[in-house]
Amino acid sequence: MAAEIEFSFTTLNEPARRHIHVFQIHQFLDRFAMGLTIAVVAVALIDRGMDLVQISLLFGVYSLTTMAMELPFGGLADSIGRKPVFLTAVVASLISLVLFLSTSDFYVLALSFAFIGFGRALRSGTLDAWFVETFKVLAPNVDVQPALAKAQWANALGLAVGAFLGGLLPDILGQVAKSFGFKIYDVSYLASFSVMLGVFVFTMLAIVEKPRPLNAPALLHGFANVPTVIKDASLLALKHPALSILLAALAFFLMATNPVEVIWPTHAKPMLDEGYANTAIGVVTATYFFSIAVGASLSPHISRIFSRRHAMTLAATFACLAGVQIALALQGSIIGFVTVFVLYSVILGVSETPASSILHRCVEDRQRSTMLSLRSLIQQLGAALGLVLAGTVAEVHSTPIAWIVGAVFLFIAVILILVLARRLAGEAE
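Residues numbered from 1 in each chain as written. Predicted model: local features only at pLDDT ≥ 70, side-chain atom pairs only at ≥ 80, totals over all residues. Heavy atoms only, no water.

Draft legend 1. Structural view of the pattern of salt bridges. As enumerated under the stated definition, the model contains 3 salt bridges in all. A salt bridge links Asp30 to Arg31; its shortest N-O distance comes to 2.6 Å. Overall, Asp30 belongs to the buried group, its relative accessible area being 0%. The class of Arg31 is buried, set by a relative accessible area of 16%. (Salt bridge = Lys/Arg side-chain N within 4 Å of Asp/Glu carboxyl O. Buried < 20%, exposed > 50% of the residue type's maximum accessible area, 1.4 Å probe, protein only.)

Pasting the structure below:
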């Protein structure tokens, strides 16, 4: 394997720089559309008459749909092309928004959440694979990690801006929406629908991929090839020690961090004054995503400290994250909590691109989308297990205890990544 050249945006050729800019804009718009609903989804469901049990079931429908379809559609993207599969994902997202806006019936809302999961499964491993493959063609042997960090920055920034506006729009336009027969929180969903239409148009015009046959026989052949692609990717993960270790570490990483991401509003809200608690939670949610974006932008600089040894960067990041997660659990005031939570979010942002760089180094183009979907599936399984465990511990003891227990999984992830670093160093010799 040829040694990677250190990334320098100014020395990249014009097509490579344009490729990064196009993907950044795309990632921002796509995540902006999603972020518009993230801040209000729970209160919007309550406004539709759902109780907490029903809300949990709806998110369960989303998770089960996503996990069931991750690998098949990652394999389909490898077979028939990334762009058409992503466009189908956008259509699924639009259908989910229309269903949500049209009903207060639990079963129709469940169908809406199933379409959200369907869209998530279709998105996973599509244009990310396209971005890496095209970048490698335009800039051969250049370290892809800083380019991924630029995309991750735009991704997280889109979520942050979307979450902020998604919480703000109901306060500004909610009463106007009610006068037209909508519910207060529907304005955020209508805004998301509009931006998602823009994502569809932008993808059609700006994302350039060599077309693959899309007639009926080609689609049937693509679906027929899915089991083979999945089998080959799964065997690759099992036979490639570096991939196996990386995926296991990422599962432990999500077991630790997902409960923090999901539970933190219920832990922080009692620290806030009742009059502005919901607004403050919305602002902190936006700050969370923005801090992840900051972390993503810092990632290449931190990687240089470790001489672009991405496994060592990841091990150090996970170790810091474990310590900060314990510190977060010990906070008793809102100022201390938010301060540590921002630091925690920044470190989360740092962790994304080193892991992606290692994965992309280990797979070939023909399996890239499927492997990204396999990674997403394993991470979701880890996240689900961590959430169940944290919920049980929090119910018996407390949320801080649950987070401290979760930090143990991060230390396990550190050990696995150190083993991975040693193996990768051996392969490089």
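Draft legend 2. View of the packing of aromatic side chains. Within the structure shown, the criterion is met by 11 aromatic pairs. Centroid distance Phe100 to Tyr189: 4.1 Å. Interplanar angle 5°. Geometry classified as stacked. Taken together, the positions of Phe100 in helix α4 (residues 82-102) and Tyr189 in helix α8 (residues 186-206) put the pair 89 residues apart, joining distant regions of the chain. For the pair shown, Phe100 and Tyr189 are each scored as buried. For the pair Phe115 and Phe118, a centre-to-centre distance of 6.4 Å together with 70° between the ring planes defines the contact as edge-to-face. With Phe115 and Phe118 both in helix α5 (residues 106-123) and 3 residues apart, the pair spans about one turn of that helix. A relative accessible area of 23% means that Phe115 is categorised as partly exposed. By the ring-pair criterion, three or more aromatic residues cluster together here, those being Tyr288, Phe337, Phe341 and Trp403. (Phe/Tyr/Trp six-rings, centres within 6.5 Å; stacked < 30°, edge-to-face > 60°. Helix = DSSP H or I, 4+ residues; strand = E, 2+ residues; numbered from the N terminus.)

Draft legend 3. Focus on the side chain of Asn155. Tracing the backbone shows Asn155 in helix α7 (residues 145-179). A polar contact of 3.3 Å, which involves the side chain of Asn155, links it to the side chain of Gln27. In this structure Asn155 touches Gln27 and Arg31, once residues within four positions along its chain are discounted. (Polar contact = N/O pair within 3.5 Å; in protein donor to acceptor, adjacent residues only side chain to side chain. Contact = heavy atoms within 4.5 Å.)

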